[in-house]
Amino acid sequence: RGRRRRRVAEKMNVQVLADHKLSSVAPFKPYNNVEKKEVELILVKEQNGVQYTSSSIVPPPRISYPTGSSEEVDRETWGKKIDFLLSVIGFAVDLANVWRFPYLCYKNGGGAFLIPYVLFLVIAGMPLFYMELALGQYNREGAATVWKICPIFKGVGYTVIIIALYVGFYYNVIIAWSLYYLLSSFTHELPWLKCGNAWNSVNCTDPKVFNVSFLTNGTKYSKDKNTPAAEYYERGVLHVHESHGIHDLGLPRWQLTLCLVVVVIILYFSLWKGVKTSGKVVYITATMPYVVLLVLLIRGITLPGAMDGIKAYLHIDFKQLNNATVWIDAATQIFYSLGAGFGVLIAFASYNKFNNNCYRDALLTSTVNCVTSFFSGFAIFSVLGYMAKKHNVNIEEVATEGAGLVFIIYPEAISTLPGSTFWAIVFFIMLLTLGIDSSMGGMEAVITGLTDDFKIFKRNRKLFTFVTAFGTFLVALLCITKGGIYVLTLLDTYAAGTSILFGVLIEAIGVSWFYGVDRFSEDIERMMGFKPGLYWRLCWKFVSPAFLLFVVIASIVNSTELKYDDYIFPSWANLIGWGIALSSMLFVPIYAIYKFLSVRGTCRERIAYCITPEHEHHLVAEGNIRQFKLKHWLAI
C-alpha cells in the first residue's frame with residue numbers, strides 16, 4: 001500500500017508541476033476536476049484506510065490561466081469567417097480611400113508615389129495590422145483588457161478607446177451630410193446644378209455661362225466658392241456663411257439633425273446585439289462601394305477627357321521622391337488608411353475562433369484596402385479629366401481632396417451628365433456605405449473595449465450601446481450648427497492626429513519590447529501552428545516602432561496653425577485642440593502611475609508586477625522575473 005500511495009502521489013505531483021509550468025507559456029485545458037478528486041480520494045483512502053469525502057488533504061494547485069486560454073467559451077464569435085473579413089475591410093476602406101489617396105498620389109509624383117507607399121505598407125503597415133489582429137485573437141479581449149500581457153500599458157487601451165469615441169463625434173456628421181445629399185438627389189434637377197436658389201448669393205456664378213478664368217479670378221477652380229455646387233455645400237447644407245467663426249456656432253440645423261438621427265439609429269441597430277448583427281450588415285456596406293466604384297469607373301472612362309485625367313493620375317515623376325514631404329505623406333496615409341491603433345482590429349479579432357489564420361487575414365485585408373485606394377483613383381480622375389476638359393483648364397485646377405472633392409467637384413461633374421439624378425444617387429449611396437461600416441468599427445472598438453473591462457456594461461450591452469450612440473449624437477450636434485464646420489475641423493485635426501500615432505507607438509513598444517517578440521511569436525504559434533518568420537519579428541521589434549516614431553515627429557514638425565479655407569482659428573481654439581489630444585494621451589502615464597502605486601511590495605517588485613503578464617505573477621513572487629534579464633530584451 002505504501003508503494004502504491006507513493007506512485008499515485010508522484011503521479012499527482014508530476015501532473016501539477018507540468019500544468020503549473022504549462023500555465024505560464026500556453027493556453028491549455030486543465031485536467032478534469034472529477035479525475036483530480038478521484039486521485040485525491042485514493043490518497044485519502046490509502047492514508048486512513050477508509051473512504052473520506054473531503055478533498056482538503058490535497059488542495060488543488062493555484063493556476064492562473066493565460067489570457068488567450070480557449071477556456072473562454074462564453075465569448076461571442078463571428079457567425080462566419082466572411083463576416084469578420086468584410087467587417088475589417090469595411091472598417092479599413094473608408095472615405096479617405098476615395099477623397100484623399102487619389103489626390104495624394106497625383107500631387108506627389110503619380111506612379112512614383114507608389115514606391116514609398118508600398119514600401120511603408122510592407123515594412124510597417126502590414127506588420128502593425130498583423131500584430132493587432134494576432135493580439136486581439138490570442139487574448140480574446142478588447143483594447144484595454146488585452147493589456148493583461150503587460151498591465152502597466154493598459155492606459156494605451158483607454159487612449160485608443162477615447163480616440164475612437166472622439167472620431168465618432170464628427171465622422172457620423174460626414175455620413176449625415178452624405179445622407180442629406182442622397183435625399184436631395186431624388187429630384188428631376190439636382191439642386192446644385194445652377195444658381196437662383198434661396199441659398200445662393202448674389203456672387204453665384206454659373207461656369208456654363210461665364211469663362212472659368214473670369215470666374216476664378218486667378219484662384220484654382222476647385223477652391224472657388226461661387227460656383228453653384230460650392231454654394232450649395234457651404235450655404236445650402238452647412239450654412240457656414242451665417243457664422244463668424246468657431247465662437248459663433250448658433251443652433252443645430254434641423255435637416256442635418258434628422259439625418260444624424262437616422263445615422264445613429266442605423267449604427268445602434270447594427271451593433272446592439274454584437275458581431276452577430278454587425279457581421280451581417282457589412283454584407284451590404286462593405287460590398288456596395290466596390291459595385292458603385294466599378295459602375296462609376298465604367299461611366300467615367302466613357303467621358304471626354306477621361307484619359308487625360310487618368311494619365312495625370314498615373315504620370316511618373318521620380319524627382320518628387322527627393323522631397324521629404326512625399327515620404328511623410330506616404331507614411332501618414334498608409335497608417336491612417338489601414339486603421340491600426342483605433343482598437344478596432346483588436347476588437348474584431350477578439351471574436352475570432354482561437355485557431356483562425358489571422359496571418360492570412362492580415363495580408364488579404366490590408367492588400368484589399370490599398371488596392372481599393374489605388375483603384376478608386378481611376379474613378380475619381382476619369383471624372384476630373386472630364387471636368388478639366390469641359391472647363392478648358394488643367395487637371396491641377398480641378399484636382400482637390402477631402403470634402404471639396406466628394407461634396408463639390410464630383411457632384412458638379414455628375415450634375416452635367418445625362419441621367420444625373422441616377423448617378424448622384426449611386427455616388428452618395430457609395431459614400432454612405434463607406435462611412436457606415438467604418439463608423440460601426442469605431443463604435444464597436446469602444447463598446448468591446450469597455451464591456452470587456454467593466455462587466456456591468458457587458459451584462460447590459462444593449463443599454464450601453466444605446467448610451468454610447470446617444471452620447472456621440474449629442475456631441476455631434478455641435479458639428480451641425482451653422483459654425484459646426486469649424487468644430488468638425490478642430491476635431492478632425494486634433495482628436496486622432498498626433499494622439500493616435502503616439503498610442504500606436506506605445507502599443508508597439510509594449511508588445512514588442514516589454515511583452516517580447518519571442519513570446520508574442522509563441523502565442524501566434526499556439527494559435528496557428530507556426531511561428532512568424534524572422535522578417536515579421538524584426539519589423540515588430542525595430543522597424544515598426546522606428547516608423548511610428550518617424551511619423552510622430554513628422555506630424556509634430558509639420559503641424560501648422562489651424563485654419564478652414566481663409567478662416568484662421570483663434571489661439572484659444574488651438575489650445576482646446578491640444579487639450580483634446582492630450583486628454584487621450586495622458587491615460588498612458590496616469591494609468592502607469594496608478595498601477596505602480598496600487599500594487600504591493602518593494603519598488604523592484606512593483607515594477608516587476610507592472611511589466612509581467614498577469615498569468616505569470618506567481619513567477620514574480622518566486623523572484624523569477626523575465627523582464628529583469630538581458631536575454632528578454634535581446635530576444636527576437
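Residues numbered from 1 in each chain as written. Predicted model: local features only at pLDDT ≥ 70, side-chain atom pairs only at ≥ 80, totals over all residues. Heavy atoms only, no water.

In the nomenclature of an unreviewed UniProt entry, the protein chain corresponds to Transporter from the organism Lepisosteus oculatus. Heading Subcellular location (unreviewed entry) of the UniProt record for the protein chain holds this comment: "Cell membrane". What UniProt records for the protein chain under Sequence similarities (unreviewed entry) is the sentence "Belongs to the sodium:neurotransmitter symporter (SNF) (TC 2.A.22) family." (UniProt positions renumbered as here; feature names shortened; annotations may be inferred.)

**Regarding the overall build of the protein chain**
Scanning the protein chain for helices and strands turns up 29 helices and two strands. Taken over 636 residues, the protein chain has a buried fraction of 59%. Within the protein chain, contacts between residues at least 6 apart in sequence are counted, and of these 81% link residues at least 24 apart. Accessible surface, the protein chain: about 26,900 Å² in total, of which carbon and sulfur atoms supply 64%. (Helix = DSSP H or I, 4+ residues; strand = E, 2+ residues; numbered from the N terminus. Buried < 20%, exposed > 50% of the residue type's maximum accessible area, 1.4 Å probe, protein only. Contact = heavy atoms within 4.5 Å. Areas by Shrake-Rupley, 256 points an atom, 1.4 Å probe, with all protein chains shown as cover.)

**Considering empty space enclosed by the protein**
In total, this model carries six cavities of 30 Å³ or more according to the counting rule given. For the largest cavity, the calculated volume is near 80 Å³. Around the largest cavity, the lining comprises 13 residues; the ones closest to its centre are Leu193, Pro207, Lys208, Glu412 and Thr416. With three residues, helix 16 (residues 358-391) is the single largest residue contributor to the lining of the largest cavity. (1 Å grid on protein atoms, 1.4 Å probe; cavity = no way out; pocket = protein on both sides within 12 Å on 5 of 7 lines; lining within 4 Å. Points joined across faces, edges and corners; volume = space filled by probe spheres on them.)

**Points about the nonpolar core**
Formed by 193 residues in total, the largest nonpolar core has its most connected members in Trp177, Tyr233 and Phe407. Residue contributions to this core peak at 21 residues, all from helix 7 (residues 154-184). Look past the residues within four positions of Trp177 in its chain and what remains in contact with it is Tyr233, Leu238, Leu256, Phe407, Ile485 and Leu488. (Core = buried A, V, L, I, M, F, W, Y, C linked by side-chain atoms within 4.5 Å.)

**Re the packing of aromatic side chains**
Counted under the stated rule, the structure contains 57 aromatic pairs. Arranged with centres 5.2 Å apart and planes meeting at 45°, the rings of Tyr106 and Phe381 form a pair that is tilted. Separated by 275 residues along the polypeptide, Tyr106 in helix 5 (residues 101-107) and Phe381 in helix 16 bring together distant segments of the chain. Its relative accessible area of 1% is what places Phe381 among the buried residues. Here a set of aromatic residues connected by ring pairs shows up, and it is made of Trp177, Tyr181, Trp192, Trp199, Tyr232, Tyr233, Phe407, Tyr410, Phe427 and Phe428. Directly above the aromatic system of Trp272 lies the positively charged group of Lys462, at a separation of 4.7 Å from the ring centroid. Above the face of the Phe596 ring, Arg606 is positioned so that its terminal group lies 5.6 Å from the ring centre. (Phe/Tyr/Trp six-rings, centres within 6.5 Å; stacked < 30°, edge-to-face > 60°. Lys NZ or Arg CZ within 6 Å of the ring centre and 35° of its normal.)

**A look at the state of the cysteines**
Counted by the stated rule, this structure contains one disulfide. One disulfide bridge connects Cys195 with Cys204, the sulfur atoms lying 2.0 Å from each other. In this structure, the disulfide formed by Cys195 and Cys204 twists by about -80° around the S-S bond and is classed as left-handed. Judged by its relative accessible area of 14%, Cys204 is buried. (Disulfide = S-S within 2.5 Å.)

**Side note on the UniProt feature "binding site: Na(+)" (unreviewed entry) in the protein chain**
When the UniProt feature table is mapped onto this chain numbering, "binding site: Na(+)" (unreviewed entry) sits at Gly90, Ala92, Val93, Asn97, Ser337, Asn369, Leu434, Asp437 and Ser438. Over a stretch of 349 residues, the named residues converge on one spot in the fold, their C-alpha atoms separated by at most 14.3 Å. Structurally, the position occupied by Val93 is in the loop between helix 3 (81-92) and helix 4 (95-99). Look past the residues within four positions of Val93 in its chain and what remains in contact with it is Tyr290, Asn369, Thr372, Leu434, Asp437 and Ser438. Note that Asp437 resides in helix 19 (residues 420-453). Within polar-contact distance, the side chain of Asp437 engages the backbone nitrogen of Ala286 at 3.4 Å. (Polar contact = N/O pair within 3.5 Å; in protein donor to acceptor, adjacent residues only side chain to side chain.)

**A few points about the pattern of salt bridges**
Within this structure, the stated rule accounts for 17 salt bridges. In this structure, Glu444 engages Arg461 in a salt bridge whose closest nitrogen and oxygen atoms are separated by 3.0 Å. Residue Glu444 is located in helix 19, and its partner Arg461 is located in helix 21 (residues 461-476); the two are separated by 17 residues in the primary sequence. We classify Arg461 as buried; its relative accessible area is 15%. Across the pair Arg519 and Glu616 runs a salt bridge, and its minimum N-O distance is 2.7 Å. Of this pair, Arg519 sits in helix 23 (residues 498-528) while Glu616 sits in the loop between helix 27 (603-611) and helix 28 (617-621); the two residues are 97 residues apart in sequence, bridging distant segments of the chain. Arg519 sits in the buried class, given a relative accessible area of 5%. Judged by relative accessible area, Glu616 falls into the buried class, the value being 6%. Within this structure, Arg75, Asp452 and Lys458 form a network of salt bridges that share partners. (Salt bridge = Lys/Arg side-chain N within 4 Å of Asp/Glu carboxyl O.)

**Here we look at helix 10 (residues 254-271)**
Between its first and last C-alpha, helix 10 extends 26 Å over 18 residues, near the 26 Å set by a 1.5 Å rise per residue. Check the buried side of helix 10 and you find it contacts helix 7, helix 9 (228-238), helix 11 (275-285), helix 19 and helix 21. (Expected span 1.5 Å × (residues − 1).)

**Looking at the side chain of Thr498**
If you trace the backbone, Thr498 turns up in helix 23. Look at Thr498 and you get buried, because its relative accessible area is 14%. Once residues lying within four places of it in the same chain are set aside, the contact partners of Thr498 are Ser555, Ile556, Trp578 and Met585.

**With respect to unusual backbone geometry**
The residue Arg140 is not glycine, and still its phi comes out positive at about 55°. For Arg140, the position within the fold is in the loop between helix 6 (114-139) and helix 7. The phi dihedral of His239 falls on the positive side, at around 60°, and the residue is not glycine. One can find His239 in the loop between helix 9 and helix 10. Looking at His239, the relative accessible area reads 17%, which means it is buried.

**Focus: the side chain of Glu231**
You can see Glu231 is positioned in helix 9. Polar contacts involving the side chain of Glu231 include one to the side chain of Asn200, which spans 3.1 Å. Setting aside residues up to four positions removed in sequence, Glu231 forms contacts with Trp199, Asn200, Ser201, Asn203, Cys204, Lys225, Asn226 and Gly236.

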